[in-house]
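These are the residues of each chain, in order.
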Amino acid sequence: MSKLDPLTALRRRIASADLDEYEAALEALSGVSDMAEIYSVTNFVVGRVESEFDCVHCVPGCSECCSQLPLVTFDEWRLILDWMQDNLTAGGRARVVRNAEALLTEGESVLPSWMRLGEVDLESPGAVDVVGEMFDNESTTCPFLFDGRCSIYPVRPLVCRSYGRMMRTEDDSLYCQPILDKICVALDNGVDVELPLYRPYQEASYALNGDKSYFTILPVWVLSHRNRGGDISDCPVDLWGSRDWPVLDTKWGFGEAFDPESPQPGA
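Because the structure is a prediction, the values reported are computed rather than measured. (Residues numbered from 1 in each chain as written. Predicted model: local features only at pLDDT ≥ 70, side-chain atom pairs only at ≥ 80, totals over all residues. Heavy atoms only, no water.)

**Q** Hey, could you run me through the overall build of the chain in this one?
**A** On a plain count of helices and strands, the chain comes out with eleven helices and seven strands. For a compact globule of 267 residues, the expected C-alpha radius of gyration is about 18 Å, and the chain comes in at 19 Å, within 12% of that figure. Along the three orthogonal principal directions, the C-alpha set of the chain runs to about 55 × 45 × 40 Å. Buried residues in the chain amount to 44% of all 267 residues. Sequence-distant contacts, at least 24 apart, represent 75% of the contacts inside the chain between residues at least 6 apart. In the structure as shown, the chain presents an accessible area of about 13900 Å², 48% of it carried by carbon and sulfur atoms. Positive and negative side-chain charges of the chain, numbering 22 and 44 respectively, have mean locations separated by a distance of 9 Å. (Helix = DSSP H or I, 4+ residues; strand = E, 2+ residues; numbered from the N terminus. Rg over C-alpha atoms; globule rule 2.2 N^0.38 Å. Buried < 20%, exposed > 50% of the residue type's maximum accessible area, 1.4 Å probe, protein only. Contact = heavy atoms within 4.5 Å. Areas by Shrake-Rupley, 256 points an atom, 1.4 Å probe, with all protein chains shown as cover. Lys, Arg positive; Asp, Glu negative; His and termini not counted. Charge placed at Lys NZ, Arg CZ, Asp CG, Glu CD.)

**Q** Mind showing me how you'd approach the packing of aromatic side chains here?
**A** When we look at a pair of aromatic rings, we describe it by the centre distance and by the angle of the planes. Tallying each qualifying case throughout the model produces eight aromatic pairs. With a centroid separation of 5.8 Å and 10 degrees between ring planes, the pair formed by Trp 77 and Trp 221 is classed as stacked. With Trp 77 in helix H4 (residues 74-87) and Trp 221 in helix H11 (residues 218-224), this pair connects stretches of sequence that are 144 residues apart. Neither residue differs from the other here; Trp 77 and Trp 221 are each classed as buried. Between the aromatic rings of Tyr 206 and Phe 215, the centroid separation amounts to 6.0 Å while the plane-to-plane angle is 45 degrees, which identifies the pairing as tilted. (Phe/Tyr/Trp six-rings, centres within 6.5 Å; stacked < 30°, edge-to-face > 60°.)

**Q** Explain the pairing of strand E6 (residues 214-217) to me, please; I cannot follow it from the model alone.
**A** Residues in a regular strand project their side chains so that they alternate between the two faces of the sheet. A two-sided burial pattern is seen for E6, the buried positions comprising Tyr 214 and Thr 216 on one face and Phe 215 and Ile 217 on the other. The pairing of strand E1 (residues 71-73) with E6 spans three bridges and is antiparallel. Residue Val 72 lies in a different strand from E6, and its bridge partner there is Thr 216. Note: E6 against strand E7 (residues 248-249), two bridges, orientation antiparallel. By the bridge assignment, Phe 215 is partnered in E7 with Leu 248. (Pairing = 2+ DSSP bridges.)

**Q** Which parts of the structure should I look at to understand the nonpolar core?
**A** Across soluble globular proteins, nonpolar side chains have a tendency to be buried as a group. Grouped together as the largest cluster of nonpolar side chains are 42 residues, with contacts concentrated most on Trp 77, Ile 80, Met 84, Phe 144, Ile 152, Val 222 and Ile 232. For this core, the secondary-structure elements that each account for two or more residues are H4, helix H5 (90-102), helix H6 (111-115), helix H7 (127-135), E6 and H11. Residue contributions to this core peak at six residues, all from H4. Those residues in contact with Ile 152 that sit more than four places away from it in its chain are Ile 80, Trp 83, Met 84, Leu 88 and Phe 144. In terms of nonpolar packing, the next biggest core, distinct from the first, is built from 35 residues, Leu 29, Val 49, Phe 53 and Cys 176 among them. (Core = buried A, V, L, I, M, F, W, Y, C linked by side-chain atoms within 4.5 Å.)

**Q** In this structure, what is going on with helix H2 (residues 21-29)? I would like to understand it.
**A** Helical geometry: 3.6 residues make up each α-helical turn, so side chains three or four residues apart lie on a common side. Looking at H2, one finds that the buried residues are Tyr 22, Ala 24, Ala 25, Ala 28 and Leu 29. One face of H2 carries all of its buried residues, which in axial projection span an arc of 160 degrees. The backbone nitrogen of Tyr 22 has a side-chain oxygen 2.9 Å away, supplied by the residue at the start of H2, namely Asp 20. (Arc of directions from axis to C-beta. Polar contact = N/O pair within 3.5 Å; in protein donor to acceptor, adjacent residues only side chain to side chain.)

**Q** I would appreciate a short explanation of the sheet that holds E6 in the present structure.
**A** Backbone hydrogen bonds are what pair the strands of a sheet, in a parallel or an antiparallel way. Ordered in space as E1-E6-E7, the three strands form an open sheet in which the pairing is antiparallel. Two strands close off the open sheet at either side, each with one partner strand: E1 and E7. Set on the sheet, H4 makes contact with E1 and E6; between it and E1 the angle comes to about 85 degrees. (Axes fitted to C-alpha atoms, helices over the stretch in contact; angles between N-to-C directions.)

Function cannot be inferred from these measures alone, as they are strictly geometric.
Right, here's the structure in full:
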């Protein structure tokens, strides 16, 4: 008997028992084997959140979160790369490359700092401040943003799917100011806005690559795959250990990395 995909198993579990949908989704994560399956479970949960709480719906035309660059794993990039080859024209892919190249010289962009990450001793105490400052940057427009819209929406990264619909942790939000404003109004009106936690989905995505789990920002993925003609190569390149294209171990993706009371990355 063939194994059920996690989303089908999730739906059947909910239909056959009186289960909390969010808890059932967390159970389903234990059966995922690739990013596509993690995305499907995430989409299910996000859909439930959106159907329950009007306050988490994006403001039409808003792309504010697209200046807070997601940290994207190799598995996520491979999905994006495959999708681009089939769904973006050569001109569209060249536009992505030009957008990424422009970030190299934009004064408020995080990309120039990120490209110097290889010069940072990540085991030093000061590394937390350096990385934290880059993570806090909200002035780096995603190269895949075309005229205010995501050009790769069907394969957008995990954090983009979850943003505004989940809490990063029980004590840390994962949404923009416009959604926060709407959530505050809902709370003032007596709505109990209880959102699922993002971290288990994040951990599941990181676990796919075992010990060699890392991420980098989207402009780095784009620039590391551009070819001489200004297009994007369709052959995925693993950047682990690259001297030219800085990446970070996914341990930096958790809040403990920036908590002075917790063991630091590299320690």
